[in-house]
Amino acid sequence: MVRGGEVEKRNKRALIVLAVWLWMFIGSIATIALVACIKGVPLNLEGLVDMLNREPYLACYGEVVGVGALPLLISLARGDKLEMYGLRRQGALKSLAFSLSPAAVILVTRVIRGLSLKSFGLSFPYNIWYAALSVLAYGPLEAFFVVWLIVNTDAILDTLNKTASPGLFITVLVFGLSHVIFSPQGGFLNAVEVIIEFAVLGLIFKHTGNSLGPMVAWTLINGQVLHLLVGCLT
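Residues numbered from 1 in each chain as written. Predicted model: local features only at pLDDT ≥ 70, side-chain atom pairs only at ≥ 80, totals over all residues. Heavy atoms only, no water.

K.L.:
Help me understand the pattern of salt bridges in this model?
P.N.:
In a structure, side chains of opposite charge can pair up when their charged atoms sit close to one another. Throughout the structure, instances matching the rule amount to eight salt bridges. Lysine 12 is paired through a salt bridge with glutamate 8; the nearest N and O atoms lie 3.6 Å apart. Here glutamate 8 and lysine 12 lie together in helix H1 (residues 4-39), a separation of four residues that amounts to about one turn. Here glutamate 8 falls in the partly exposed class, since its relative accessible area comes to 45%. Arginine 78 is the partner of aspartate 80 in a salt bridge, and the nearest nitrogen-oxygen pair spans 2.7 Å. (Salt bridge = Lys/Arg side-chain N within 4 Å of Asp/Glu carboxyl O. Helix = DSSP H or I, 4+ residues; strand = E, 2+ residues; numbered from the N terminus. Buried < 20%, exposed > 50% of the residue type's maximum accessible area, 1.4 Å probe, protein only.)

K.L.:
How should I be thinking about the packing of aromatic side chains in this particular structure?
P.N.:
How two aromatic rings sit relative to each other is given by the distance of their centres and the angle of their planes. For the structure on display, the rule yields eight aromatic pairs. Note on tyrosine 57 and phenylalanine 120: the rings are 5.6 Å apart at their centroids and 45 degrees apart in plane angle, and the pair reads as tilted. Taken together, the residues span a long stretch of sequence, with tyrosine 57 in the loop between helix H2 (45-54) and helix H3 (59-78) and phenylalanine 120 in the loop between helix H4 (92-113) and helix H5 (126-138) at a distance of 63 residues. For phenylalanine 120, a relative accessible area of 15% gives the class buried. (Phe/Tyr/Trp six-rings, centres within 6.5 Å; stacked < 30°, edge-to-face > 60°.)

K.L.:
Would you explain a nonpolar patch on the surface in this entry?
P.N.:
On the surface, Ile29, Leu157, Ile170, Leu173, Val174, Leu177, Val180, Ile181, Phe182 and Phe188 cluster together into a nonpolar patch covering about 880 Å² of accessible area. For the nonpolar patch, the element with the highest residue contribution is helix H7 (residues 166-182), accounting for seven residues. With respect to the helices and strands, phenylalanine 188 occurs in helix H8 (residues 187-208). We classify phenylalanine 188 as exposed; its relative accessible area is 55%. (Patch = residues over 30% accessible without salt bridge, like charges linked within 9 Å, V, L, I, M, F, W, Y side chains within 5 Å. Areas by Shrake-Rupley, 256 points an atom, 1.4 Å probe, with all protein chains shown as cover.)

Structure below.
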């Protein structure tokens, strides 16, 4: 029987998880709009899209604020132990071994399909700043966002000890489908790829209890990381 105090804790956690999902949309858009204001770009859809097409690395600010920052701040404020999100030594080698194998297959597949990369013509030190920010935002920080939601959703549903858990599949499905909005150029196929990739990485995290491998693997296979990294440094 679940006690009243436990129900209250789960309800609070559910509200926090919902707030994080909502902030992914609101925070990202608001941050990009703020960047547009600073740059003097018209605050309409056409103006924002044109800005991001010309300077795609500016999207990093929206990614950091809207996706990665809030879960991290919440965890620090609550005093969460990093181990609950798989940030620990135990299981690290197994996590890396399991994660890097599918990552290598995906990388080879993408190289065979061909990569479309171009230079953004950034000068020093902006090239270094945006290259580093791109790797952080679309790599480990984005992976932490997904892991954080998996853990907290499973905590709400009392399924933390399950490998193929509801929290895992709910999080991966919603996050993957969000790419239809945030990455419309990739279409539904890109969303499906993200769902499959994070489903595999999520299962590895749940099985090993370590998120290091999935974070490294996602940094390597996320096409946005390579696109921005090469564009910033060339």
